[in-house]
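# Structural description and commentary
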Amino acid sequence: MHPFQILLAKWSSSFYRGNKYACNLCGFEAKKLRFRGHNHPVIQRKKILSAGKRRSDCPNCLSSDRDRRLWLYLENAITPQSNILHIAPEYPVAIKMRNLSKSMGFHYHCLDKRTQGYYYPKWVLNGDITSLEFADSQFDWVIANHVLEHIPNLQSALNEVKRVLKPTGKAIFMVPLSQSQPTEEGCITVNGQWCCELSKKEKIERFGQHDHLRLFGTDMDQIFKKMGFDLIFLSHENTEKAISHKSPLALFANECIPIATPTASPNVDNINAISSIP
Ligand SMILES: [Zn+2]
């Protein structure tokens with residue numbers, strides 16, 4: 001998100017001022033929200049959460065419904081001791097986190113894979129989730145929302161996140177999620193390399209977006225289990241009273257926050273002890 005977009009939004013936000021919604025990231029109160037997303041038949045057909053055209057964005061800071069849900073959770077989860085890595089950071093959340101890190105004292109790092117045609121603030125490091133330039137076991141939190149559906153080799157990304165997380169750390173992996181089917185994989189291995197051979201048109205028809213390589217579904221927790229993470233879907237206590245646009249925060253109905261914790265590595269001594277029992 002370019003700073004010019006934010007400036008333009010702030011300049012025109014007075015047209016949206018009202019008391020129907022309130023943004024928990026910037027405090028703006030609005031009578032209506034800005035549009036985001038696009039509609040495609042697959043979004044309804046596969047019941048994909050966190051997708052589709054809707055009035056979701058704060059007129060002032062341009063936070064989306066999922067940004068506000070994320071902040072509902074994070075503001076109570078981070079502590080002054082936290083060390084946080086935010087991959088492909090949501091700009092309104094990152095601004096809030098950067099400001100808060102200065103007053104609370106926690107460590108906050110942002111990283112994204114720089115792509116031509118996009119703007120990145122200088123505080124966003126260039127990097128790749130499948131090859132992180134951080135030491136082992138240093139982060140309490142890794143946040144990588146709407147990232148994993150773009151990565152050909154899912155296991156390599158999860159391995160790296162697990163490597164840089166402390167054993168007690170947690171990762172947040174919000175993704176477009178089908179409520180009606182298991183995960184649909186668009187990638188294959190060719191000569192040992194993961195790649196996606198689908199055309200842009202096929203990706204849109206199957207996953208709802210031209211650059212999505214898979215659609216996570218009802219078995220996401222089982223897939224993560226096999227790849228080294230225990231996954232829970234956190235439904236915020238406000239969710240029930242925050243259905244769609246009837247709530248002050250205008251959250252996306254039914255959306256949960258996937259929280260992943262590294263599965264404990266098998267203890268070799270225990271395995272040996274078990275295997276020695278007749
Ligand atoms: Zn806002």
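Since this is a predicted model, take the numbers as computed values, not measurements.

### Comments concerning the overall build of the chain
- Counting its secondary structure elements, the chain contains eight helices and 17 strands.
- For 278 residues, the compact-globule estimate of 2.2 N^0.38 gives 19 Å, and the chain sits close to it at 20 Å.
- Along the first, second and third principal axes, the C-alpha set of the chain runs to 75 × 45 × 40 Å.
- For the chain, the residues scored as buried account for 32% of the 278 residues in total.
- The contacts of the chain with a sequence gap of at least 6 include a subset with a gap of at least 24, amounting to 69%.

### Some remarks on the sheet that holds strand β17 (residues 257–262)
- An order of β8-β7-β6-β9-β10-β17-β16 is seen for the seven strands of this open sheet, with the pairing classed as mixed. Bordering the open sheet on either side are β8 (124–126) and β16 (229–234), each of which pairs with just one other strand. Across the sheet, the mean angle from the axis of one strand to that of its neighbour is 25 degrees, orientation sign disregarded.
- Summarising the sheet, β16 and β17 pair through six bridges and their orientation is antiparallel.

### Description of the confidence of the model for the chain
- The predicted model of the chain has a mean per-residue pLDDT of 88, with 90% of residues at 70 or higher.
- Between residues 238–245, whose pLDDT stays under 50, and residues either more than four places distant or in other chains, the model counts 10 contacts.

### Considering the pairing of strand β9 (residues 139–144)
- Of all six residues making up β9, five are buried, and the element is well covered by its neighbours.
- When strand β6 (residues 83–87) meets β9, the two strands line up parallel, connected through four bridges. If you follow I87 over to β9, its bridge partner there is A144.
- Two elements, β9 and strand β10 (residues 165–172), share four bridges in a ladder whose sense is parallel. Considered in β10, the bridge of I143 is made with I172.
- Between the parallel pair β9 and β10, the chain is carried across by helix α5 (residues 154–164), and the sense of this crossover is right-handed.

### Some details on the nonpolar core
- Counting 57 residues, the largest nonpolar core has V142, A144 and V161 as the members making the most contacts within it.
- Not counting residues up to four positions away in its chain, the partners in contact with V161 are I129, V142, A144 and A171.

### Re the environment of H146
- Tracing the chain through its elements places H146 in the loop between β9 and α5.
- Residues within four places of H146 in sequence aside, it is in contact with M174 and V175.

### A look at the environment of S235
- With respect to the helices and strands, the residue S235 is situated in the loop between β16 and β17.
- For the pair S235 and K102, spaced 133 residues apart in sequence, the C-alpha to C-alpha distance is 29 Å.

Calculation notes
Residues numbered from 1 in each chain as written. Predicted model: local features only at pLDDT ≥ 70, side-chain atom pairs only at ≥ 80, totals over all residues. Helix = DSSP H or I, 4+ residues; strand = E, 2+ residues; numbered from the N terminus. Rg over C-alpha atoms; globule rule 2.2 N^0.38 Å. Buried ≥ 20, exposed ≤ 12 C-beta atoms within 10 Å, placed from the backbone. Contact = placed C-beta atoms within 7 Å. Pairing = 2+ DSSP bridges. Axes fitted to C-alpha atoms, helices over the stretch in contact; angles between N-to-C directions. pLDDT = per-residue confidence, 0-100. Right-handed = clockwise from strand over helix to strand, strands pointing away. Core = buried A, V, L, I, M, F, W, Y, C linked by C-beta atoms within 7 Å.

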